[in-house]
Amino acid sequence: MVTFTDLVALMLTFFVLLYSMSVMEEKQWRNLVDSLSSHLKIERVVAEPKPAKSLTMEPVDFIPGEDLDYLQALLSEKFKADTDLSQAILTRLDDRVVVSVPGDLLFSTGATEPMEAAQPVLRRLGRIFQNISNKIEIAGHADPAVPSGEQEYQTNWPLSVARADYVAGLLEKSGYKSTILSRGYGDSRYDEITDKLSEDQRKKLARRVDIIVHSYAGENG
């Protein structure tokens, strides 16, 4: 029995060596697999290729800023106590507070430099925001009127950008500790203003500068 077992083991080893040294014909092997699969009803699992690297962006963790309800109440109190800034409109959204300052309060028609009377108003505005840690964004707007040829800007978009840049720079100079993003929308959002206002009121509000206070803290510049 021992001799027979040794013989079977040697024969098995011999056939394994033969198989390992042989070259498999892929076409014949696939034909054999397909034939067996059809008779044995084997379900074939097709592996879908996966990308070498994940294309999903890593989530960004924002540091929470001051509570927006608290900031809304604080800003409302400050603005009510100021004759000029009381004209500003505060809007509370889910993730931000928007302070809309009428453009006519700050800039004359077609100008990017504030009026002389608006200089102290802007300085008071800067002092209000200098101690707020939330991320701030400035958005400039304009009414649909086409600028006249005498004005520096021939379209409303660069005019709204320049005004937003001026207000953003003033807030940063006043002591706001983070970089402020400024952008201009021209008259692209004029249709969003409620038609319950008169046309004159709509145009005044269209020439506004929005100070957008986000729910998360800003990054130190």
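Per an unreviewed UniProt entry, the recorded name for the chain is OmpA-like domain-containing protein, and the organism is Kiloniella litopenaei. Its UniProt record, at the heading Sequence similarities (unreviewed entry), says of the chain: "Belongs to the MotB family." In the Subcellular location (unreviewed entry) part of its UniProt record, the chain is described as follows: "Cell membrane".

Peer 1: What should I look at first to understand the sheet that holds strand E2 (residues 96-101) in this one?
Peer 2: The strands making up a sheet associate through backbone hydrogen bonding, with each pair oriented either parallel or antiparallel. In spatial order, the strands read E1-E2-E5-E3-E4; together these five strands make up an open sheet with mixed pairing. What marks the edges here is a single partner per strand, and that holds for strand E1 (89-92) and strand E4 (181-184). Here the average twist between neighbouring strands, direction ignored, is 20°. In this structure, strand E3 (residues 134-140) lies alongside strand E5 (residues 209-217), joined through six bridges in antiparallel fashion. Bridge pairing in E5 links Gly140 to Val209. Sheet contacts for helix H5 (residues 156-173): E3, E4 and E5; angle to E3, the most-contacted strand, approximately 150°.

Peer 1: Hey, could you run me through the packing of helix H4 (residues 119-129) against H5 in this one?
Peer 2: Any two packed helices are characterised by the angle at which their axes cross and by the distance between the axes. Here H4 crosses H5 at 55°, and the two axes come no closer than 8 Å. One finds that H4 runs oblique with respect to H5. Read as a crossing pair, H4 and H5 show a hand that is right-handed. Where H4 approaches H5, its residues Gln119, Leu122, Leu125, Gly126 and Phe129 are matched on the opposing element by Tyr166, Leu170 and Leu171. Among the residues forming the contact of H4 with H5, the class breakdown is six nonpolar, two polar and no charged.

Peer 1: How should the side chain of Asn134 be read in this particular structure?
Peer 2: On the secondary structure map, Asn134 appears in strand E3. Residue class for Asn134 comes out buried when judged on its relative accessible area of 0%. At 2.8 Å, the side chain of Asn134 forms a polar contact with the backbone oxygen of His214. Setting aside anything within four residues of it in sequence, one finds Asn134 in contact with Gly65, Glu66, Leu68, Leu71, Tyr176, Val213, His214, Ser215, Tyr216, Ala217 and Gly218.

Cut-offs and rules
Residues numbered from 1 in each chain as written. Predicted model: local features only at pLDDT ≥ 70, side-chain atom pairs only at ≥ 80, totals over all residues. Heavy atoms only, no water. UniProt positions renumbered as here; feature names shortened; annotations may be inferred. Pairing = 2+ DSSP bridges. Helix = DSSP H or I, 4+ residues; strand = E, 2+ residues; numbered from the N terminus. Axes fitted to C-alpha atoms, helices over the stretch in contact; angles between N-to-C directions. Contact = heavy atoms within 4.5 Å. Parallel < 35°, antiparallel > 145°, perpendicular 65-115°, else oblique. Left-handed = near helix turned anticlockwise from the far one by under 90°. Nonpolar A, V, L, I, M, F, W, Y, C, P; charged D, E, K, R; others polar. Buried < 20%, exposed > 50% of the residue type's maximum accessible area, 1.4 Å probe, protein only. Polar contact = N/O pair within 3.5 Å; in protein donor to acceptor, adjacent residues only side chain to side chain.

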